[in-house]
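Letter by letter, the chains look like this.
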Amino acid sequence: MSSKLESAGRAQARVRDRFGAVLTASMSVLFVETVIGWIALDMWGQVQENPGLAYNALGLLLLIVLVPVGAVLGALVSVGVVMPLLTVAGWLGRRLSGREVWWWVPALTAAGAALLFLAVGVEADPWAGAVGWLLLTMTLTPAALTARRLLLPDRRHLTGAAMFGRVAMYGTLAVIATCTLCGIALAAGIGYEPPRLNTEQVAGTWSDGKAARLSLTADGHATAIRVDTFDLDDSFETVRHPCTGAGTWEYDPGAGPQTQTVTVSIDACPMDAWSVLGTPERPKLYVFIGDPDSGDLYILRRED
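In this text, all values refer to a predicted model and were calculated from it rather than measured experimentally.

(A) The overall build of the protein chain, seen in detail. Summing up its helical and strand segments, the protein chain has six helices and eight strands in all. Order of helices (α) and strands (β) in the protein chain, N terminus to C terminus: α-α-α-α-α-α-β-β-β-β-β-β-β-β. Counting over 304 residues, the protein chain shows a buried share of 33%. Per element, the accessible surface of the protein chain, about 18800 Å² overall, is 65% carbon and sulfur.

(B) Representation of the pairing of strand β6 (residues 274-278) within the structure. When you tally the buried positions in β6, you get five out of five residues, the bulk of the element. By the alternation rule, side chains of β6 split into W274, V276 and G278 and S275 and L277, which are all buried. Direction of pairing for strand β5 (residues 261-266) relative to β6: antiparallel, over a ladder of two bridges. Within β6, the position partnered with T261 by the bridge is S275. Pairing between β6 and strand β7 (residues 283-288): four bridges, direction antiparallel. Residue pairing across strands places S275 opposite Y286, the latter belonging to β7.

(C) Structural detail: the packing of aromatic side chains. One pass over the structure, following the stated rule, counts four aromatic pairs. Summarising the aromatic geometry, the rings of F230 and Y298 are spaced 5.5 Å apart at their centres and angled 70 degrees between planes, so their arrangement reads as edge-to-face. Residue F230 is found in strand β3 (residues 221-232), and its partner Y298 is found in strand β8 (residues 297-302); the two are separated by 68 residues along the sequence. Here F230 matches Y298 in class, with each residue buried.

(D) Unusual backbone geometry, seen in detail. The phi dihedral of R226 is positive, around 55 degrees, even though this residue is not glycine. The residue R226 is located in strand β3 in this model. R226 gets classed as partly exposed once you look at its relative accessible area, which sits at 48%.

(E) A look at the state of the cysteines. Scanning the entire structure with this criterion turns up one disulfide. Each sulfur of the disulfide joining C243 and C269 lies 1.7 Å from the other. Here the disulfide of C243 and C269 is right-handed, its torsion about the S-S bond being about 50 degrees. Taken together, the residues C243 in strand β4 (residues 238-252) and C269 in the loop between β5 and β6 connect sequence positions 26 residues apart. Classification of C243 as buried rests on a relative accessible area of 0%. You can see C179 has no disulfide; the closest cysteine sulfur is in C182, sitting 6.7 Å from it.

Calculation rules
Going along each chain's sequence as written, the residues are numbered from 1 onward. Where totals are concerned, whole chains, interfaces and linings use all residues; where local detail is concerned, this predicted model gives features only for residues with pLDDT of at least 70, and gives and counts side-chain atom pairs only at 80 or more. Water and hydrogen atoms were dropped before computing side-chain values, which therefore reflect all heavy atoms in the structure. Secondary structure is summarised from DSSP: a helix means a run of H or I of at least four residues, a strand means a run of E of at least two, and numbering begins at the N terminus for each. The cut-offs for exposure are 20% and 50% of the maximum accessible area for each residue type, with area from a 1.4 Å probe on protein chains only; residues under the lower value are buried, those over the upper are exposed, and the others partly exposed. Each accessible area value is a Shrake-Rupley result obtained with a 1.4 Å probe; residue values ignore everything except the protein chains displayed when judging cover. When DSSP finds two or more bridges between two strands, those strands count as paired. Only centres within 6.5 Å qualify two rings of Phe, Tyr or Trp (six-membered ring in Trp) as a pair; their planes then separate them into stacked at under 30 degrees, edge-to-face at over 60, and tilted for everything else. Put simply, a disulfide is two cysteine sulfurs that come within 2.5 Å.

Written as structure tokens, this is what we have:
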């Protein structure tokens, strides 16, 4: 009787060890993929038209706070998605192929992701749905294949700690390679940079596409018609005020394209300094709506 209990206890211990090892491997890969995805997302933002917001302490603090949240999500995805995926892939391999084969993992992942996006509905934007399907498939497949290595009976046994060490080593190399490639790409000049304007190029009529007009003459006179200005009320909510009046303007080239400004002075309604976006052919002037960290912009475009 005692030998049976000991055998059952050892079997349960092996199950717990295997569960922990698979969980560790899956979470480790998902963490590495998250870091690489974060770098890729930042790189994508660098090449898009953007106001070049600097990172602030609050954003870094939020990132630190999100780390344990990400760990919890990684555990939930590993237990709720990766492990059932491996179970079904193994069963299908044995049932249909006579043995477990690795390609059932990406096949099932792709099929499951497709069903998910079809269920939530992607009719409004099929392109976004296709990109989302591809990203989800590419995210889950490496985690599942790495965890699958721990379940193969014909491979040398690896503990969760050993697999974590491998993922940490190769993941660190992957992150370094990603950062290096992004740095080389930015140094090559693929990052976005606002057009460098001058006084002659700023002079003209600018519009928000609605009723607002800002006319800047070459001799420094400015006329505003229903141009929005913004401030905060007592509840720190953004309040919009249409500005109509006459005044002056001047262009400051700043230290570079990101810091050039157009200052419009109208006594009836003070304005923030305008910054520059767009392209040399289609320049834009913008100010932030409320808190700059929100990234909301009020944009005027050249009419001519």
